[in-house]
Amino acid sequence: GEATLGNAMHETTRAQDQAFDPDRVSWSEAGHLQVDCPDDRFPCAVLARRAAQSLGFERGRVEAVAMVTCELVQNAALHAGGGRFAVATAAELGLVRVEVIDRGQPFANLENALLDDHDDRGAVLPEARSGRHGLGCGLGAVLRLANFVDFELADEQKRISAVLRAEKNLHQPALTAFGGSVAE
């Protein structure tokens, strides 16, 4: 199948489509906060850490949840003028979902945005990094740390959610068709 988001086209296999569908999980909200500035990543990370700890995640995975949270929240503040952060758990499955919804512009090219040293327009050259809000590595890091990442555009909003479980599979994430999703 294929999923389209902005100019990005992703191919997938049917087996990956059936592997995980976050819309079929019974999530319990563990907290939410308004995002207005980059420093809001800190209280959001505290909420996310607590959610992961409540499920018995080991320290490294707790910190992975916090890092994903910080990256998504900071991106919303810097590139979209803010938004809303939410964290939820699925205790029976041992999952934590962090999600940021903002009203920022859609990605010009999602595939570019997911590559290290790139933004959604292409490569970020070293000489162009001075004065930027970031290095162009954040969404790639989110992709590496999370078990499932979903990008969705709806009603003039952009929603990015990442699902993490206590253990990270070692195989490389693959693209799936869930609304422009990226999953393992």
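Bear in mind the structure is a predicted one, so any value in this text is a computation, not a measurement.

S.K.: Requested: an account of the overall build of the protein, with residues and values cited.
M.R.: In terms of helices and strands, the protein carries five helices and eleven strands. For the protein, the residues scored as buried account for 45% of the 184 residues in total. Across the protein, every contact between residues at least 6 apart in sequence was considered, and the portion connecting residues at least 24 apart equals 63%. Here the protein displays about 9500 Å² of accessible surface, and carbon together with sulfur accounts for 49% of that area.

S.K.: Requested: an account of the state of the cysteines, with residues and values cited.
M.R.: By definition, a disulfide links the sulfur atoms of two cysteine residues through a covalent bond. Summed over the entire model, instances satisfying the criterion amount to zero disulfides. Unpaired in this structure, Cys70 has its nearest cysteine sulfur neighbour in Cys44, at a distance of 8.3 Å.

S.K.: Account for the packing of helix α2 (residues 41–54) against helix α3 (residues 59–80), naming residues and giving values.
M.R.: At a minimum axis separation of 8 Å, α2 and α3 run at an interaxial angle of 150°. With respect to α3, the element α2 is oriented roughly antiparallel. Considering only the axes of α2 and α3, their crossing is right-handed. Seen from α2, the contacting residues are Arg41, Cys44, Ala45, Ala48, Arg49, Ala52 and Gln53; seen from α3, they are Val62, Glu63, Val65, Ala66, Thr69, Cys70, Val73 and Gln74. Here the contact of α2 with α3 is built from residues that sort into nine nonpolar, three polar and three charged.

S.K.: Tell me about the pairing of strand β5 (residues 95–102), and name the residues and values.
M.R.: For β5, a buried count of seven out of eight residues is recorded, marking the element as mostly surrounded by other parts of the structure. Sheet topology places strand β4 (residues 83–90) next to β5; eight bridges connect them, and they run antiparallel. Looking at the pairing, Ala90 lines up with Leu95 of β5. The antiparallel pairing of β4 with β5 creates a hairpin that spans four residues between the two strands, and Gly94 there sits at a positive phi of about 65°.

S.K.: Provide a residue-level description of the confidence of the model for the protein, including the pertinent values.
M.R.: Detailed reading of the predicted coordinates is not advisable wherever pLDDT is low. The predicted model of the protein averages 77 in pLDDT, with 66% of residues at 70 or higher. Of all secondary-structure elements in the protein, the lowest mean pLDDT belongs to strand β2 (residues 8–11), at 30, while α2 reaches the highest, 98. Between residues 1–18, whose pLDDT stays under 50, and residues either more than four places distant or in other chains, the model counts 38 contacts. Under a pLDDT of 50 for its full length, residues 170–184 has, in the predicted model, 58 contacts with residues more than four places off or in other chains.

S.K.: So what about the environment of His79? Which residues, and what values?
M.R.: Note on placement: His79 falls in helix α3. Residue class for His79 comes out exposed when judged on its relative accessible area of 51%. The sequence separation of His79 and Arg103 amounts to 24 residues, and the corresponding C-alpha distance is 9.8 Å.

Rules used throughout
Residues numbered from 1 in each chain as written. Predicted model: local features only at pLDDT ≥ 70, side-chain atom pairs only at ≥ 80, totals over all residues. Heavy atoms only, no water. Helix = DSSP H or I, 4+ residues; strand = E, 2+ residues; numbered from the N terminus. Buried < 20%, exposed > 50% of the residue type's maximum accessible area, 1.4 Å probe, protein only. Contact = heavy atoms within 4.5 Å. Areas by Shrake-Rupley, 256 points an atom, 1.4 Å probe, with all protein chains shown as cover. Disulfide = S-S within 2.5 Å. Axes fitted to C-alpha atoms, helices over the stretch in contact; angles between N-to-C directions. Parallel < 35°, antiparallel > 145°, perpendicular 65-115°, else oblique. Left-handed = near helix turned anticlockwise from the far one by under 90°. Nonpolar A, V, L, I, M, F, W, Y, C, P; charged D, E, K, R; others polar. Pairing = 2+ DSSP bridges. pLDDT = per-residue confidence, 0-100.

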